Amino acid sequence: MNPNKKIIQTLDAPAAIGIYSQAVCIGGMVYLSGQIGLNPESMQMEEGIEAQIHRVFQNLRAVADAAGGSLDDMVKLNVYITSMDNFVKVNEIMTTYFQHPYPARAVVGVAALPRNALVEMDGILCIQD
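What counts, and at which threshold
- Every chain is numbered on its own, with residues counted from 1 as its sequence reads.
- With the structure being a predicted model, the display of local features is reserved for residues of pLDDT at least 70 and the display and counting of side-chain atom pairs for 80 or more, all residues being used for whole-chain, interface and lining totals.
- Values reported for side chains reflect all heavy atoms of the structure, with hydrogen atoms and water molecules removed beforehand.
- Think of it this way: any DSSP run of H or I at least four residues long counts as a helix, any run of E at least two long counts as a strand, and we number them from the N terminus.
- For this measure, only C-alpha atoms enter the radius of gyration; the expected value for a globule follows 2.2 Å times N^0.38, where N is the number of residues.
- Whether a residue is buried, partly exposed or exposed follows from its accessible area with a 1.4 Å probe, protein chains only, as a fraction of its type maximum: under 20%, in between, or over 50%, in that order.
- Here, residues are in contact when the closest pair of their heavy atoms is within 4.5 Å.
- Two strands form a pair only when DSSP identifies at least two bridges running between them.
- For helices, the fitted axis covers only the stretch in contact; all axes are lines through C-alpha atoms, and the angles between them, taken along N-to-C directions, range from 0 to 180 degrees.
- Under the pairing criterion, centres of Phe, Tyr and Trp rings, with the six-membered ring standing for Trp, must be within 6.5 Å; the plane angle then separates stacked pairs below 30 degrees from edge-to-face pairs above 60, leaving the rest tilted.
- An expected span of 1.5 Å times one less than the residue number is assigned to each helix.
- Pairing of N or O atoms within 3.5 Å defines a polar contact, subject to two protein rules: one partner must be a possible hydrogen donor and the other a possible acceptor, and residues neighboring in sequence count only if both atoms are side-chain atoms.
- In these notes the angle categories are as follows: under 35 degrees is roughly parallel, over 145 is roughly antiparallel, 65 to 115 is roughly perpendicular, and the rest is oblique.
- Crossings are sorted by hand: turned counterclockwise from the far helix by less than a right angle, the near helix makes the crossing left-handed, and turned clockwise it makes it right-handed.
- Side-chain classes follow a simple rule in which Ala, Val, Leu, Ile, Met, Phe, Trp, Tyr, Cys and Pro form the nonpolar group, Asp, Glu, Lys and Arg form the charged group, and the remainder, Gly included, forms the polar group.

Student: Sorry, what's going on with the overall build of the protein chain here?
Tutor: For the protein chain, the helix and strand inventory stands at two helices and six strands. Relative to a compact globule of 129 residues, whose C-alpha radius of gyration would be 14 Å, the protein chain shows 14 Å and is just as compact. When the backbone C-alpha atoms are referred to their principal axes, the protein chain occupies close to 45 × 35 × 25 Å. The buried share of the protein chain, reckoned over its 129 residues, is 40%. Within the protein chain, contacts between residues separated by at least 24 positions form 68% of all contacts whose residues are at least 6 apart in sequence.

Have a look at this one:
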């Protein structure tokens, strides 16, 4: 294992449901694993697209905080949604978690996500060591 690689783990975001870390930090870059709308306390999926989008951003924020950064440090955000009809909702809710200048972003329509989630997001932070 690279001695400069730091694994990020927090109880404020859902525990990994597979063989991955919540995030990995190396050289001031933090690579956030995908988050879905799981409540970290109950490990149950939030109901409805709006609640899931909010929970995903809250989970990403919790992991960013655990890494010593914040959502303001996000340089790249990837969004996966099961219906492009929810694109506008993602944009609307994103403005409550991010300020200009916004991170680079991709939005991809997908057929399905783990645990029948309606949205999943991952991202990259750039923080000072």
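Student: How do you make sense of the sheet that holds strand 4 (residues 74–81) when you look at a structure like this?
Tutor: Hydrogen bonding along the main chain pairs the strands of a sheet, whether they run parallel or antiparallel. If you trace the six strands from one edge of the open sheet to the other, you get 1-2-3-6-4-5, paired in mixed fashion. Looking at which strands have only one partner, the edges of the open sheet turn out to be strand 1 (6–8) and strand 5 (104–109). Adjacent strand axes in the sheet meet at a mean angle of 15 degrees, parallel and antiparallel pairs treated alike. Packed onto the sheet, helix 1 (residues 49–66) meets strand 1, strand 2 (23–26), strand 3 (29–35), strand 4 and strand 6 (119–126) and runs at close to 25 degrees relative to strand 6. Strands strand 4 and strand 5 of the sheet are contacted by helix 2 (residues 87–94), whose axis makes an angle of about 150 degrees with strand 5.

Student: How should I be thinking about the packing of aromatic side chains in this particular structure?
Tutor: Each aromatic ring pair is summarised here by two numbers: the centre-to-centre distance and the angle between the ring planes. In this structure the tally under the stated criterion is two aromatic pairs. A ring pair is formed by Phe57 and Tyr97, whose centres lie 5.0 Å apart and whose planes are at 25 degrees; its orientation type is stacked. With Phe57 in helix 1 and Tyr97 in the loop between helix 2 and strand 5, the pair connects residues that are 40 residues apart, well separated along the chain. This pair shows no difference in class: Phe57 is buried, exactly as Tyr97 is. Between Phe57 and Phe98, the ring centres sit 5.7 Å apart and the planes meet at 70 degrees, which makes this aromatic pair edge-to-face. Residue Phe57 is located in helix 1, and its partner Phe98 is located in the loop between helix 2 and strand 5; the two are separated by 41 residues in the primary sequence. The exposure class assigned to Phe57 is buried, which follows from its relative accessible area of 0%. The class for Phe98 is buried, based on a relative accessible area of 4%. An aromatic cluster is present here, built from Phe57, Tyr97 and Phe98 joined pairwise through their rings.

Student: For this particular structure, what's the right way to read helix 1?
Tutor: Residue pairs spaced three or four apart in an α-helix point in one direction, given the helix's 3.6 residues per turn. A rise of 1.5 Å per residue sets the reference length of helix 1, with its 18 residues, at 26 Å; its end C-alpha atoms lie 26 Å apart and thus fit the reference within 8%. Structurally, helix 1 contributes buried residues whose contacts are with strand 1, strand 2, strand 3, strand 4, helix 2 and strand 6. Positive backbone phi, at 90 degrees, marks Gly68, one or two positions downstream of helix 1.

Student: Explain the side chain of Asn59 to me, please; I cannot follow it from the model alone.
Tutor: With respect to the helices and strands, the residue Asn59 is situated in helix 1. Here the side chain of Asn59 touches Ile36 through a polar contact of 3.1 Å, landing on its backbone oxygen. Those residues in contact with Asn59 that lie beyond four places of it in its chain are Asp12, Ala13, Pro14, Gln35, Ile36, Leu38 and Pro40.

Student: Explain the packing of helix 1 against helix 2 to me, please; I cannot follow it from the model alone.
Tutor: Viewed as axis vectors pointing N to C, helix 1 and helix 2 meet at an angle of 45 degrees, and their least axial separation amounts to 10 Å. As far as their axial angle goes, helix 2 and helix 1 are oblique. For the element pair helix 1 and helix 2, the recorded crossing hand is right-handed. From helix 1, Ile49, Glu50, Ile53, His54 and Phe57 reach across to helix 2, where they touch Lys89, Val90, Ile93 and Met94. Residues that form the contact of helix 1 with helix 2 fall into these classes: six nonpolar, one polar and two charged.

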